[in-house]
Amino acid sequence: MVNPMKLMRFREMGERFRANHPRIPGFFDAAMNSIREESVIEMTVTDPNGKKLCANIRVNAEDMEMLREAQQAFGQEG
């Protein structure tokens with residue numbers, strides 16, 4: 001069962017994150033509309049010393065189903 005207080009706190013944190021990083025929601029909206037089966041999603045994290053950590057996945061049918069479910073769960077029909 002989801003703790004309503006934690007859910008409320010998570011929502012507030014999400015709102016602050018969007019305020020601190022206003023370009024991110026638009027990026028994710030555009031990315032979600034571009035992802036298709038066989039797309040490659042790549043993420044890179046660069047630490048303050050310049051060290052990079054990178055990972056990627058090739059999207060399969062099961063991933064697409066999970067992404068559609070996430071869009072519906074978070075109110076972003078796509």
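In case you missed it, the structure is sitting above this.
Residues numbered from 1 in each chain as written. Predicted model: local features only at pLDDT ≥ 70, side-chain atom pairs only at ≥ 80, totals over all residues. Heavy atoms only, no water.

> Please explain the overall build of the protein chain as it appears in this structure.
When helices and strands are counted, the protein chain shows three helices and two strands. Starting at the N terminus and ending at the C terminus, the protein chain contains elements arranged as α-α-β-β-α. Computed over the C-alpha atoms, the radius of gyration of the protein chain is 15 Å, more than 25% above the 12 Å expected from 2.2 N^0.38 for a compact globule of 78 residues. Expressed as a percentage of the 78 residues in the protein chain, the buried residues total 8%. (Helix = DSSP H or I, 4+ residues; strand = E, 2+ residues; numbered from the N terminus. Rg over C-alpha atoms; globule rule 2.2 N^0.38 Å. Buried < 20%, exposed > 50% of the residue type's maximum accessible area, 1.4 Å probe, protein only.)

> Explain the pairing of strand E2 (residues 52-58) here, please?
Note on strand geometry: in a regular strand, side chains alternate between the two faces of the sheet. Across seven bridges, the pairing between strand E1 (residues 40-46) and E2 is antiparallel. Bridge assignment links valine 40 to a residue of E2, and that residue is arginine 58. Where E1 folds back on E2, the antiparallel hairpin that results is connected by five residues, among which glycine 50 adopts a positive phi of roughly 90°. (Pairing = 2+ DSSP bridges.)

> Just to check I follow, could you spell out the pattern of salt bridges for this structure?
Opposite charge on two side chains allows them to pair when their charged atoms are near. Scanning the entire structure with this criterion turns up one salt bridge. With a closest N to O distance of 3.6 Å, glutamate 15 and arginine 11 form a salt bridge. With glutamate 15 and arginine 11 both in helix H1 (residues 4-20) and four residues apart, this pair spans about one turn of that helix. You can call arginine 11 exposed: its relative accessible area is 59%. (Salt bridge = Lys/Arg side-chain N within 4 Å of Asp/Glu carboxyl O.)

> In this structure, what is going on with the packing of aromatic side chains? I would like to understand it.
By convention here, two paired aromatic rings are described through the distance between centres and the angle between planes. Counted by the stated rule, this structure contains one aromatic pair. Judged by centre distance (5.5 Å) and plane angle (65°), the ring pair of phenylalanine 27 and phenylalanine 28 falls under edge-to-face. The exposure class assigned to phenylalanine 28 is partly exposed, which follows from its relative accessible area of 47%. (Phe/Tyr/Trp six-rings, centres within 6.5 Å; stacked < 30°, edge-to-face > 60°.)

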